[in-house]
Amino acid sequence: MIIDIHTHAFPERIASRAVHSLQQNCHTALFSDGTENGLLRAERDAGVHLAVVQPVATNPEKVSRMNDSVLTANAVFSSRGLLSFGAMHPACPGWEAELEKLKAAGVPGIKLHPPYTGIAMEDPRTISVLRRCRELNLIVLIHSGWDVGLPGAEESLPSGIRRALDAAGPLKLIAGHMGGWGCWEEALRLLAGTGVYVDTAFSLGAMTPAGDGHPWREEDLLLLDPETFCGLVRGYGADHVLFGTDSPWASPRQELEKLRALPLSSGELEGILGENARKLLGLP
């Protein structure tokens, strides 16, 4: 079973506007149209059995409506291979009730994107959310490290993630982008051995720029090389690494090809591509 733990998709009515705005900020290419159906087509083409959508809440007042949409999407798409986490913003009014609503509906976790909320991982509001997720046994997937679309944003660097973990206590936390995008060595030093999971999204190989007007130098496009990537896998433990693409910002098919070309054992690869996520999600 192949599970893509880190994807993004938008309802049809807003998808075009949302991905256009994001592409203008990050200057990286799209590999689907950003809709739920577009995501499903891309994942099926790659042989992925389940795609997990990670909604990003940038406005605390919209969290409840976003989560209502999550519940609707799960009712429509879960039988077709798409499952959405809940949205959360640490400044959301009634955030505790939102978490309980998600838990009661069988949603397995939430997504937090500190750079987009402007609230740091070590902020007391974030720590309160993490503690309640631990109590409810909800998974938390966070954006980790720098953000290609928000240069200089420091709300989710490894040091802050570690402080948040120390304050919140052990929980099911997935640090996206191999623990800390663009600060991978620091992330490994601070987060390995804490029980944190990491996902492979937007980390291996190189970014694909959008068109000719992008600002990137060739060296800016480079991500992790195979040797360094495998070193991170062994550093965190292959059983704590999850396949993720950050679709539509990467091609599921191409990301799978990159991983299958690495010098990983069949057992390590099987775990990364789906078995680790299956266990974490509690799927049969």
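Model, not experiment: these values are computed from the prediction.

### Digging into helix 8 (residues 184-191)
Of all the positions in helix 8, only Trp-184, Ala-187, Leu-190 and Leu-191 are classed as buried. Seen along its axis, helix 8 keeps its buried residues to an arc of 135°; they face one direction. In helix 8, the exposed positions angled more than 90 degrees off the buried face are occupied by Glu-185 and Arg-189. The positive-phi residue at the C-terminal boundary of helix 8 is Gly-193, with phi of around 85°.

### Concerning the pairing of strand 5 (residues 109-112)
Of the two faces of strand 5, the one holding Gly-109 and Lys-111 and the one holding Ile-110 and Leu-112 are both buried throughout. As judged from the two bridges shared by strand 4 (residues 86-87) and strand 5, these two strands associate in the parallel manner. The partner of Gly-86 across the bridge, within strand 5, is Ile-110. In this view, the connection linking strand 4 to its parallel neighbour strand 5 by way of helix 4 (residues 95-104) has right-handed handedness.

### Description of the sheet that holds strand 4
Spatially, 4-5-6-7-8-9 is the arrangement adopted by the six strands of the open sheet, whose pairing is parallel. Whereas interior strands pair on both sides, the edge strands pair on one side only; in this sheet they are strand 4 and strand 9 (241-242). Both strand 7 (residues 173-175) and strand 8 (residues 197-199) contribute to a ladder of two bridges, which runs parallel. When the bridges of strand 8 are listed, Ile-174 appears paired with Tyr-197.

### Thoughts on empty space enclosed by the protein
Taken as a whole and judged by the stated rule, the model has one cavity of 30 Å³ or more. As a volume, the largest cavity reaches approximately 30 Å³. Considering the residues around the largest cavity, the lining is formed by Pro-90, Leu-112, His-113, Pro-114, Thr-117, Ile-119, Ala-120 and Thr-126. A breakdown of the residues in the lining of the largest cavity according to their chemical character gives five nonpolar, three polar and no charged.

### Comments concerning the nonpolar core
Met-88, Leu-99, Ile-110, Val-140 and Met-178 are the most contacted members of the largest nonpolar core, which totals 63 residues. Not counting chain neighbours up to four residues away, the residues in contact with Met-88 comprise Ala-57, Val-63, Trp-95, Glu-98, Leu-99, Ile-110, Lys-111, Leu-112 and Val-129. The next biggest cluster of nonpolar side chains, apart from the first, holds 14 residues, and it includes Ile-3, Ile-5, Leu-50 and Leu-242.

### Remarks on the layout of surface pockets
Empty space among the atoms becomes visible once a probe the size of a water molecule is rolled across them. The volume enclosed by the largest pocket comes to roughly 1,200 Å³. Residue lining of the largest pocket: 43 residues in total, with Phe-10, Ala-18, Pro-55, Val-56 and Met-66 positioned closest to the centre. Elements that contribute at least two residues to the lining of the largest pocket include exactly helix 1 (12-26), helix 3 (63-77) and strand 3 (82-84). The element contributing the most residues to the lining of the largest pocket is helix 1, with eight residues. Considering only residue class, the lining of the largest pocket consists of 21 nonpolar, 14 polar and eight charged.

### Section: unusual backbone geometry
In this chain, Ser-247 is followed by Pro-248 through a cis amide linkage whose omega measures 15°. Looking at the secondary structure, you find Pro-248 in the loop between strand 9 and helix 10 (252-260). Non-glycine residue His-177 carries a positive phi angle of around 60°. By the element assignment, His-177 lies in the loop between strand 7 and helix 8. Even without a glycine there, the phi angle at Phe-202 is positive, about 55°. Relative to the elements of secondary structure, Phe-202 occurs in the loop between strand 8 and helix 9 (226-236). Overall, Phe-202 belongs to the buried group, its relative accessible area being 9%.

### With respect to the pattern of salt bridges
Counting across every chain of the model gives 14 salt bridges. Here Arg-163 makes a salt bridge to Glu-122, at a shortest N to O gap of 2.9 Å. Of the two residues, Arg-163 is situated in helix 7 (residues 158-168) and Glu-122 in the loop between helix 5 (114-117) and helix 6 (124-136); the sequence distance between them amounts to 41 residues. Note on Arg-163: relative accessible area 44%, which makes it partly exposed. Residue classification places Glu-122 among the partly exposed residues on the basis of a relative accessible area of 29%. Via salt bridges that share partners, Asp-68, Glu-98 and Lys-101 belong to a single interconnected network.

### Some thoughts on the packing of helix 7 against helix 8
Look at helix 7 against helix 8: their axes get within 9 Å of each other, and the N-to-C directions meet at 20°. The orientation of helix 7 with respect to helix 8, classified from their angle, is roughly parallel. Regarding helix 7 and helix 8, the two cross each other, and that crossing is right-handed. Touching Pro-158, Ser-159, Ile-161, Arg-162 and Leu-165 of helix 7 are Glu-186, Ala-187, Leu-190 and Leu-191, all from helix 8. Residues of the contact of helix 7 with helix 8, tallied by class, amount to six nonpolar, one polar and two charged.

Rules of the game
- Residues numbered from 1 in each chain as written.
- Predicted model: local features only at pLDDT ≥ 70, side-chain atom pairs only at ≥ 80, totals over all residues.
- Heavy atoms only, no water.
- Buried < 20%, exposed > 50% of the residue type's maximum accessible area, 1.4 Å probe, protein only.
- Helix = DSSP H or I, 4+ residues; strand = E, 2+ residues; numbered from the N terminus.
- Arc of directions from axis to C-beta.
- Pairing = 2+ DSSP bridges.
- Right-handed = clockwise from strand over helix to strand, strands pointing away.
- 1 Å grid on protein atoms, 1.4 Å probe; cavity = no way out; pocket = protein on both sides within 12 Å on 5 of 7 lines; lining within 4 Å.
- Points joined across faces, edges and corners; volume = space filled by probe spheres on them.
- Nonpolar A, V, L, I, M, F, W, Y, C, P; charged D, E, K, R; others polar.
- Core = buried A, V, L, I, M, F, W, Y, C linked by side-chain atoms within 4.5 Å.
- Contact = heavy atoms within 4.5 Å.
- Salt bridge = Lys/Arg side-chain N within 4 Å of Asp/Glu carboxyl O.
- Axes fitted to C-alpha atoms, helices over the stretch in contact; angles between N-to-C directions.
- Parallel < 35°, antiparallel > 145°, perpendicular 65-115°, else oblique.
- Left-handed = near helix turned anticlockwise from the far one by under 90°.

Interpretation note: all reported values are geometric properties and have no functional meaning in isolation.
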